[in-house]
Amino acid sequence: YRELHTFELQAPTRLIEWAHGSRVCVAGYGQSGGNEILQLIPPPRLQAKETQGLCPERDFKVECGGFSKHPVYRLKHVPDTSLLVTSGPPDSSVQVWQVSAEDSDVIKSVGTIVTENSTGQPWAKIATISARVPWVLHGSTLDSIQITEVELRKNVYTAASEDSDELSGLAFLDSSTVLLCCARGRLCMADVRQPQRPTQAVPVPAVPHAERWCMGTLCAAQGSDMGSQPVARLSSRGFITLTDLRKASEPLALAQARVPSPGSGAEFLCVSWAPALQGCLAISGFDGTVHVYDTHSWDSSGREAEPTFVHKGHMLGGAGGSGDPPLVTAHTWHLQKPRTVLSAASDGSLHVWDWVQP
């Protein structure tokens, strides 16, 4: 390692989200009430734009926080605002939170977005954008996708679909196009300017239905080219497929990660592209590690890929509260520092690490 910072939280941690530039938001996912939502100030060294010498302050600091009655399974900062949105069991509602001003240390609940016909629906997947006004894209199945204007709680888009496949993730490709990933691996797209038009399935190759899948895309940016970065999908068996949406009928690259298979739920699967390191992605959710891969040499053979780096720090921290080895529940990349990654685990540990380039 070139750099490693750790922070211990009081409960199993599920989320990591950048907010207000350099702040980090985390949240708990316990089934009982009182799950913490915290906004942390990273160590000064992590915020510095240039490499520093010795830095006496190496800890995170809690800037503000609040409590959620729901387990928090997804958390997103709403760009250009001081709002957060969260989702989690037992329903598909979305909670809206206000990060208080500098004179207060409270993150307070300011409302709930309820999806129509949400009874019995799984918890909602969410994504945010602020290209026109602050929006949240949310839904748990293909036929429950909506976009809501966050500040006014006004519905601005409802997808037209008769397909009830469960979703594992969704994202804004740009201000007009959204990408949806079904738990079984199918990709779909929708144009938010045409709410009456059904979501269109992307012609990607078939994937094994016995597996669970998740996807990773780069953050949407106004005017960005949706084909400039492939969509990565990760299966519960560690199979990774890269898809160019401009030519989706055949895979761009396939690879098998060297990871153990998780349980049937596979609820912590995570794959993400490095925003400042071209062709580099990370995966987690199988055990207490995070694997980093360079995809430049991948082809369509599907052979086993050798990771560039494996972060094992959470495994070395000991067993979690249940006595089981810690499981990495989420990871995310630093927005400016190319090889800096944040990862959280089921034992409440939060790590920020940067590996030495071979």
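These numbers come from a predicted model, not from an experiment.

Draft legend 1. Summary view of the packing of aromatic side chains. This model, assessed by the stated rule, comprises 9 aromatic pairs. Here F309 and W353 contribute two aromatic rings whose centre-to-centre distance is 5.7 Å and whose plane-to-plane angle is 35 degrees, an arrangement assigned as tilted. Placement of F309 in strand 25 (residues 309–311) and of W353 in strand 28 (residues 349–354) is noted, with a sequence separation of 44 residues between them. Accessibility assignment for this pair places F309 and W353 in one class, buried. Centroid distance W333 to W355: 6.2 Å. Interplanar angle 70 degrees. Geometry classified as edge-to-face. You can see W333 sitting in strand 26 (residues 328–333) and its partner W355 sitting in the segment after strand 28, a full 22 residues away along the chain. Per residue, the accessibility class of W333 equals that of W355, and both read buried. By the ring-pair criterion, three or more aromatic residues cluster together here, those being Y29, Y73, W123 and F268.

Draft legend 2. Spatial organisation of the state of the cysteines. Overall, the coordinates contain 0 disulfides when judged by the stated rule. Free of any disulfide, C188 has its nearest neighbouring cysteine sulfur in C182, separated by 4.8 Å. Overall, the relative accessible area of 1% leaves C188 in the buried class. Note on C270: no disulfide assigned, nearest cysteine sulfur contributed by C214 at a separation of 6.5 Å.

Draft legend 3. The arrangement of the nonpolar core in detail. Judged by nonpolar contacts, the single largest core of 19 residues is most densely connected at L234, L242, L281, I283 and W298. Taken together, the elements giving at least two residues each to this core come down to strand 19 (231–235), strand 20 (239–243), strand 21 (253–256), strand 22 (270–273) and strand 23 (280–284). Sequence-distant contacts of I283, defined by excluding residues within four places in its chain, comprise L234, I240, A257, V259, C270, V271, T289, V290, H291, Y293 and H331. W135, L137, A159 and L167 belong to the second-largest nonpolar core, a separate cluster that totals 18 residues.

Draft legend 4. Seen up close, the confidence of the model for the protein chain. The share of residues in the protein chain with pLDDT of 70 or more is 85%, and the mean pLDDT across the chain is 85. Within the protein chain, strand 24 (residues 290–294) carries the highest mean pLDDT (97), whereas helix 1 (residues 44–47) carries the lowest (66).

Draft legend 5. Spatial organisation of the sheet that holds strand 18 (residues 213–216). The sheet built from 4 strands is open, its strands ordered 18-19-20-21 with antiparallel pairing. Every interior strand has two partners, whereas the edge strands, strand 18 and strand 21, have only one. Direction aside, neighbouring strands of the sheet carry axes that sit 20 degrees apart on average. The pairing of strand 19 with strand 20 spans 4 bridges and is antiparallel. Looking across to strand 20, one finds that A232 is bridged to L242.

Draft legend 6. Structural view of the sheet that holds strand 22. Across the sheet, 4 strands lie side by side as 22-23-24-25; this open sheet has antiparallel pairing. Two strands in the sheet have a free side with no partner beyond their single neighbour: strand 22 and strand 25. Between one strand axis and the next, the sheet turns by 20 degrees as a mean value, whatever way the strands run. The pairing of strand 24 with strand 25 spans 3 bridges and is antiparallel. Residue V292 lies in a different strand from strand 25, and its bridge partner there is F309.

Cut-offs applied
- Residues numbered from 1 in each chain as written.
- Predicted model: local features only at pLDDT ≥ 70, side-chain atom pairs only at ≥ 80, totals over all residues.
- Heavy atoms only, no water.
- Phe/Tyr/Trp six-rings, centres within 6.5 Å; stacked < 30°, edge-to-face > 60°.
- Helix = DSSP H or I, 4+ residues; strand = E, 2+ residues; numbered from the N terminus.
- Buried < 20%, exposed > 50% of the residue type's maximum accessible area, 1.4 Å probe, protein only.
- Disulfide = S-S within 2.5 Å.
- Core = buried A, V, L, I, M, F, W, Y, C linked by side-chain atoms within 4.5 Å.
- Contact = heavy atoms within 4.5 Å.
- pLDDT = per-residue confidence, 0-100.
- Pairing = 2+ DSSP bridges.
- Axes fitted to C-alpha atoms, helices over the stretch in contact; angles between N-to-C directions.

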